[in-house]
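# Geometric and topological summary
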Amino acid sequence: MGNSDFAKQKTFVKLMKKSFATNWRFAVVTYGERASVETNLTQNVNISEFEKAVDRIEKDEDGKTGVQLGMAMDLATTEIFSKTRPGITKLAVVLTDGTPMAGLDSSEVKRTLRDSRKADVRVVTLGTGKSVDPKEWRSVLQRNQDLIQLQDSHDLMFKIRDNAAAICTAAELLEKPTCVHAVDIAFLMDSSDNIDAENFQKQKSLVISIARSFGISPNTSRAAVVLYSDKASVRFRFGDSMSTKLFENTVRDLPHIRGESRMDKAFEVAANDIFPSGRVGIPKIAFVVANGQQASDANLLDVASKTLTKEE
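Because the structure is a prediction, the values reported are computed rather than measured.

### Details of the sheet that holds strand β5 (residues 147-150)
- Overall, parallel pairing links the three strands, which are arranged β3-β4-β5 in an open sheet. In the strand order of this sheet, the two ends are held by β3 (90-96) and β5, each with one partner. For this sheet the average axis-to-axis angle between neighbouring strands, irrespective of direction, equals 15 degrees.
- As paired strands, β3 and strand β4 (residues 121-128) are joined by seven bridges and run parallel to one another.

Okay, structure coming up:
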């Protein structure tokens, strides 16, 4: 890639930052003979700082080892997207002239792209020039429209609105509710010392994913949350179930309280303070997320759980 094309890429990245709302966070990973994280999701949050960080990026020298897109995707998946906010769409926008897929390491590139999908990273590719093979790229992308073919690097700028709109569309939730039956589901979430900070965030992502599979609203499935450590408290009630988005925002903001694990108290709170407001004739589900043993002075789970199982 020449210096002029590289400069156009940098301008494009800066314009993308300006084009999206402030709740979008951006990171930049570059690749050439090497791959490196230039700025992560928590650095250079405001536009001015981000633009300065992009301006400081220098073009990598062309080398004998080939173009390291595979390494760049691995970095993005393991170092960038592993630290994202729970429930937020993870989107990787790949700028390429198609060379990585045409080179000797194309199988490695495909492997890393598949790994990114397994990590729930959605990939959109902006391919410039004739070296971009649509069949190869679409074989590893989630949707055919996730490959945006451009005639050359000038189209990054000439079609800036179309490119931004395509990226924004890709960030929308693809998953539709998969469960067509209405339920009242209460999530009992572990906030004790048994779970570390990283797994606490993963727990949030799991709960959000399950809620999306039902679709939360007053007239379909409703959700509740009980957070427990050495105590248990209600953080979201069935009556709060106005939308899936509202539920997601509540789960993202849940604090990691720490302390001992008292799952038995979570059962008690769910039985006494959540499920009595469940709807007649609608299945009721208690989804328990736990990591490790209860505190030594806690009630036995087979005893504590009877407060739930005796409910309708």
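### What about the packing of aromatic side chains?
- Per the counting criterion, the structure on display carries eight aromatic pairs.
- When the ring of Phe 20 is compared with that of Phe 26, the centres are 6.2 Å apart and the planes differ by 40 degrees; the resulting orientation is tilted.
- For Phe 20, a relative accessible area of 12% gives the class buried.
- With a centroid separation of 5.2 Å and an interplanar angle of 85 degrees, the aromatic rings of Phe 236 and Phe 247 are classed as edge-to-face. Placement of Phe 236 in strand β8 (residues 232-236) and of Phe 247 in helix α10 (residues 244-252) is noted, with a sequence separation of 11 residues between them.
- Judged by relative accessible area, which is 3%, Phe 236 ranks as buried.
- Using a relative accessible area of 0% as the deciding quantity, one classes Phe 247 as buried.
- Taken together, the aromatic side chains of Phe 20, Trp 24, Phe 26 and Phe 50 make up a single cluster linked through ring pairs.
- The cationic tip of Lys 17 hangs over the ring face of Phe 50; the distance from NZ or CZ to the ring centre is 5.6 Å.

### Things to note about the pattern of salt bridges
- For the structure shown, the criterion picks out 14 salt bridges.
- The shortest N-O distance in the salt bridge between Arg 111 and Asp 115 comes to 2.6 Å. One end of the pair, Arg 111, and the other, Asp 115, are both in helix α5 (residues 106-118), four residues apart, so they sit about a helical turn from each other.
- Judged by its relative accessible area of 30%, Arg 111 falls in the partly exposed class.

Cut-off values and rules
Residues numbered from 1 in each chain as written. Predicted model: local features only at pLDDT ≥ 70, side-chain atom pairs only at ≥ 80, totals over all residues. Heavy atoms only, no water. Pairing = 2+ DSSP bridges. Helix = DSSP H or I, 4+ residues; strand = E, 2+ residues; numbered from the N terminus. Axes fitted to C-alpha atoms, helices over the stretch in contact; angles between N-to-C directions. Phe/Tyr/Trp six-rings, centres within 6.5 Å; stacked < 30°, edge-to-face > 60°. Buried < 20%, exposed > 50% of the residue type's maximum accessible area, 1.4 Å probe, protein only. Lys NZ or Arg CZ within 6 Å of the ring centre and 35° of its normal. Salt bridge = Lys/Arg side-chain N within 4 Å of Asp/Glu carboxyl O.

Any link to function would need more than the numbers given here.
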